[in-house]
Amino acid sequence: MVVGEKYRSKNREQIIVEQPYHIQYRHSFGEVSKFFKGLHEKKLYGTICRGKEHHMSGEDNLFVPPRADCPECMVPLEEWIELQNEDIRVYTFTTMYFSGENFLDKLPLTLINVEFPRYNNNYSKLISILITNEKDEINIDKKDLKIGMKIKPKFKEMPLEKIDASALYFVPAGIL
Amino acid sequence: MSVDIGMKKDVVKDHKKIYQSVRKDVVNNGREVAVVAAGMTQFGKARTDSTQEELVMDATRMALFENDLNYDPYDIKKMIDGTVISYFSDHFEKQLLFGAIIRDYLGLNPLQSVRAEGGGATGGLGVKTGYEMVKSGDADFVLVAGFEKMSEVSTTKGNEFIALASDTDFDFQVGGFYTAYYAAMATRYIHEFGITEKQLAKVAVKNRNNAQYNYFAQTNSKNPYSTKSTSGFINIDDVYKSNMIATPLKRLDCCLMSDGAAVVLLAEKNLARKLTKDPVIISGIGGGTDTMRPGDRPTTKGGLIKENLLLPHEKPEWYENMSYPGLHSFRAGRAATKMAYRMAGIKNPLHDIDVVELHDAFTSSELQTYEDLGLAKYGDGGKFIDTAEFDEEKGVFKEINPKMGDHTYVNPSGGLIGCMHAVGATGIMQVGNIFWQLQKKMEKFNDNDKLQVKNAKKGLAHSHAGTGSDVTVIVMSKDGE
């Protein structure tokens, strides 16, 4: 007998029940709340740290997602910059045909990491959605979907008390 | 507002010197740690026949009763003086403080105990925590148990629970799916280094087919807990034809979701030599970390050298111009590897290590991990799997558990793609497999010797979390090697 056979349960009787579990969280975005307020106002904000003498890259650090403190200088960051009109590119991408529960009705969906080539992009390859066809919001694998593609941010109407990062998405810079 | 950092450059330089001298004293406390036993359950998509504590009991019984220990198992159990219980997700288990239930069920109260948790690396961190208890002298003989039951919610809800281990303010809200995060990393990895679809698919073929000889594996069609649609042998066309999940990763490129448990017993070396004729020494152990969001990895030209992450056999000129860490880099894996190799005295892993169990969450991450472990240069992970002999006509490797490089075997168990990923148990399953490999007991536990690496003297277990946020690397050696 295989060793493991000795330890396999012989008891075949099983009772399986349904147990629902719902939670509502009251979540604060803390010191980067301005980023989310910005999405509500159709603006894309990042924070910037100019303490470059302490940065491994020797350059200013741009943070998108924003950080309220620089991990290299440990300095609180209070300078916010608007980025919605900047040069923004696809750094990498994937088209999802399966997902977690919340996104099943939106598939297929293209997920991207974005980059801001004008800045030191070390900490700033934000994850977002790329919509290639605004009309029906259906994403398709397109030949022109590629690394380095120029894109621009768009903003979904979302009440401020329910805002989250999905209020931001991107479209190819050539569209609209 | 500006803050005066107040840290002078010479203080920073001194810090390194002080650290090194202090560390030397701390490490050399004369205690070494060995693995003396391992046990695990058969893994399945849904082990509805047992609760978590019942699964851990099965694995513990196997560890105590089936590892040819020198004393009565009941006497050996009484020698245990500490436990580590590792499980990943409070959401999957819907039970906080589960360790209390497990310890009670195993009859191991009132011993000291701690939960280890770090996403996918939970099991590896469990073993590392147990190692630390023994190494420090807080304990001499520790039981490390890990488990997970992921089947009590739907697969899509499970994907969502796993994605709660991504940044829930920024990443979770726009994707909510780990495969997509890895797929985006894979797209960039392919862009940087020209990895091919075939090289990715080969990983799936190797690991899934190895698993057919692993008694415990979820995809082994002989396992009563296997499911028909996700078990049995595959060839490369099966991988190509499997459903696209997130480009470029298809269903068969992805790891499993599993229920099950695994246990190892760790003892101080002198005690270990009394408990078993064949202890396996933990000769090197390391941990590493990186950003939660893969997009935040602060890349610089030559970053690998600047961060002092070269391995002994690597040359600075290989990486002087490479930007590191990229979004696709597992810097945590490299940091853990460097630490473990330094401790174990590994000069070149291709020569020194015979068998590896690594965290193949996806086929792409197995290739990336070859590079972090120094089995291939960065960018050459695909070429490393190409060193194994492949039957182009049949679309499978010429041998089960194929040799790579001169004498390296990777994921004989089938890994996370073929064997299991019951998260809290995974890193412990890997250490258990390397332990049995070095003890030459693969035949005993699998009832066939297909997966036994002949003359294996040194092995390595690699446990990995998130998109590379936490990694442990554990080098294990036969006693006296």
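Model, not experiment: these values are computed from the prediction. (Residues numbered from 1 in each chain as written. Chains lettered and ligands numbered in written order. Predicted model: local features only at pLDDT ≥ 70, side-chain atom pairs only at ≥ 80, totals over all residues. Heavy atoms only, no water.)

Caption draft 1: Structural detail: the overall build of chain B. When you go through chain B residue by residue, the secondary structure sums to 20 helices and 16 strands. Over its C-alpha trace chain B gives a radius of gyration of 21 Å, about what one expects of a compact globule, namely 23 Å for 481 residues. Looking at the 481 residues of chain B, the share that counts as buried comes to 64%. Residue pairs at least 24 apart in sequence account for 76% of intrachain contacts in chain B once pairs closer than 6 positions are excluded. When the accessible surface of chain B is summed, it comes to about 17400 Å², and 50% of that surface belongs to carbon and sulfur atoms. The centroid of the 57 positive side-chain charges in chain B is displaced by 4 Å from the centroid of its 62 negative side-chain charges. (Helix = DSSP H or I, 4+ residues; strand = E, 2+ residues; numbered from the N terminus. Rg over C-alpha atoms; globule rule 2.2 N^0.38 Å. Buried < 20%, exposed > 50% of the residue type's maximum accessible area, 1.4 Å probe, protein only. Contact = heavy atoms within 4.5 Å. Areas by Shrake-Rupley, 256 points an atom, 1.4 Å probe, with all protein chains shown as cover. Lys, Arg positive; Asp, Glu negative; His and termini not counted. Charge placed at Lys NZ, Arg CZ, Asp CG, Glu CD.)

Caption draft 2: Structural detail: the packing of helix α9 (residues 197-211) of chain B against helix α16 (residues 363-372) of chain B. Residues and elements named next belong to chain B. Two elements in contact, α9 and α16, have axes whose closest approach is 8 Å; the angle formed by their N-to-C orientations is 100 degrees. The angle between α9 and α16 falls in the class roughly perpendicular. Residues Gln199, Leu200, Val203, Ala204, Lys206 and Asn207 of α9 pack against Thr363, Ser364, Glu366, Leu367 and Tyr370 of α16. Of the residues in the contact of α9 with α16, the class split is 5 nonpolar, 4 polar and 2 charged. (Axes fitted to C-alpha atoms, helices over the stretch in contact; angles between N-to-C directions. Parallel < 35°, antiparallel > 145°, perpendicular 65-115°, else oblique. Nonpolar A, V, L, I, M, F, W, Y, C, P; charged D, E, K, R; others polar.)

Caption draft 3: Representation of the pairing of strand β5 (residues 109-115) of chain A. All names here are of chain A. The buried fraction of β5 is high, at 7 of 7 residues. The side-chain alternation of β5 yields two buried faces, one formed by Leu109, Leu111, Asn113 and Glu115 and the other by Thr110, Ile112 and Val114. For strand β4 (residues 88-96) and β5, the ladder comprises 7 bridges, and the chain directions are antiparallel. In the strand pairing of β5, threonine 92 is matched with asparagine 113. In this sheet, strand β6 (residues 127-130) lies alongside β5 in antiparallel orientation, the contact comprising 4 bridges. (Pairing = 2+ DSSP bridges.)

Caption draft 4: Region of the structure containing helix α1 (residues 33-40) of chain A. Residues and elements named next belong to chain A. Buried residues of α1: Phe35, Phe36, Gly38 and Leu39, and no others. On an axial view of α1, the arc spanned by its buried residues comes to 150 degrees, and they lie on one face. Lining the buried residues of α1 we find β1 (45-49), β3 (80-82), β7 (150-155) and β8 (168-172). Immediately downstream of α1, the backbone of lysine 42 shows phi near 60 degrees, a positive value. (Arc of directions from axis to C-beta.)

Caption draft 5: Layout of the side chain of glutamine 199 of chain B. All names here are of chain B. Counting through the fold element by element, glutamine 199 comes out in helix α9. A distance of 3.0 Å separates a polar side-chain atom of glutamine 199 from the backbone nitrogen of threonine 196. Within the structure, the side chain of glutamine 199 is placed 3.3 Å from the backbone oxygen of glycine 382, a separation counted as a polar contact. (Polar contact = N/O pair within 3.5 Å; in protein donor to acceptor, adjacent residues only side chain to side chain.)

Caption draft 6: Here's a closer look at the interface of chain A and chain B. Facing the 57 residues of chain A at the interface are 56 residues of chain B. In this assembly, chain A packs against chain B so that about 5000 Å² is buried in total across both faces, 61% of it on carbon and sulfur atoms. The tally of links from chain A across to chain B stands at 3 salt bridges. Glutamate 101 of chain A is the partner of lysine 157 of chain B in a salt bridge, and the nearest nitrogen-oxygen pair spans 3.0 Å. At the surface where chain A touches chain B, the tally comes to 20 residue pairs in polar contact (both at pLDDT 80 or more). Elements with a minimum of two residues in the side of chain A that touches chain B: α1, β4, β5 and β6 of chain A. Of all the elements, β4 of chain A adds the most residues to the side of chain A that touches chain B, at 6 residues. Considered class by class, the residues forming the side of chain A that touches chain B number 29 nonpolar, 18 polar and 10 charged. (Buried area = accessible area lost by both parts, 1.4 Å probe. Salt bridge = Lys/Arg side-chain N within 4 Å of Asp/Glu carboxyl O.)

Caption draft 7: Seen up close, the packing of helix α2 (residues 52-65) of chain B against helix α5 (residues 98-106) of chain B. Residues and elements named next belong to chain B. Taken N-terminus to C-terminus, the directions of α2 and α5 make an angle of 50 degrees; their axes are 9 Å apart at the nearest point. Considered as vectors, α2 and α5 are oriented oblique to each other. The two elements α2 and α5 cross, and the hand of that crossing is right-handed. For the pair α2 and α5, contact is made by Gln52, Glu53, Glu54, Val56, Met57 and Thr60 and by Phe98, Ile101, Ile102, Tyr105 and Leu106, respectively. Class assignment for the residues of the contact of α2 with α5 results in 7 nonpolar, 2 polar and 2 charged. (Left-handed = near helix turned anticlockwise from the far one by under 90°.)

Caption draft 8: Structural context of the sheet that holds strand β8 (residues 280-289) of chain B. All names here are of chain B. Strand order in this open sheet of 10 strands is β3-β2-β4-β7-β1-β8-β16-β15-β11-β14, and the pairing throughout is mixed. The open sheet has two free edges, formed respectively by β3 (113-116) and β14 (409-410), since each of these has just one partner strand. Of the strands in this sheet, β1 (33-40), β2 (82-86), β3, β4 (141-149), β7 (259-268), β8, β15 (458-464) and β16 (470-478) are in contact with helix α6 (residues 122-136), which crosses β2 at around 165 degrees.

Caption draft 9: Representation of the side chain of threonine 60 of chain B in the model. Position of threonine 60 of chain B relative to the elements: it lies in helix α2. Setting aside its immediate chain neighbours within four residues, threonine 60 of chain B contacts Leu106, Leu143 and Val263 of chain B.

Caption draft 10: Structural view of unusual backbone geometry. The omega angle of the peptide bond from leucine 107 of chain A to proline 108 of chain A is -10 degrees, so this bond is cis rather than trans. Position of proline 108 of chain A among the secondary structure elements: in the loop between β4 and β5. The omega angle of the peptide bond from asparagine 109 of chain B to proline 110 of chain B is 0 degrees, so this bond is cis rather than trans. Structurally, proline 110 of chain B can be placed in the loop between α5 and β3. The residue aspartate 68 of chain B is not glycine, and still its phi comes out positive at about 55 degrees. Mapped onto the fold, aspartate 68 of chain B is located in the loop between α2 and α3 (73-79).

The analysis is restricted to geometry; functional conclusions fall outside its scope.
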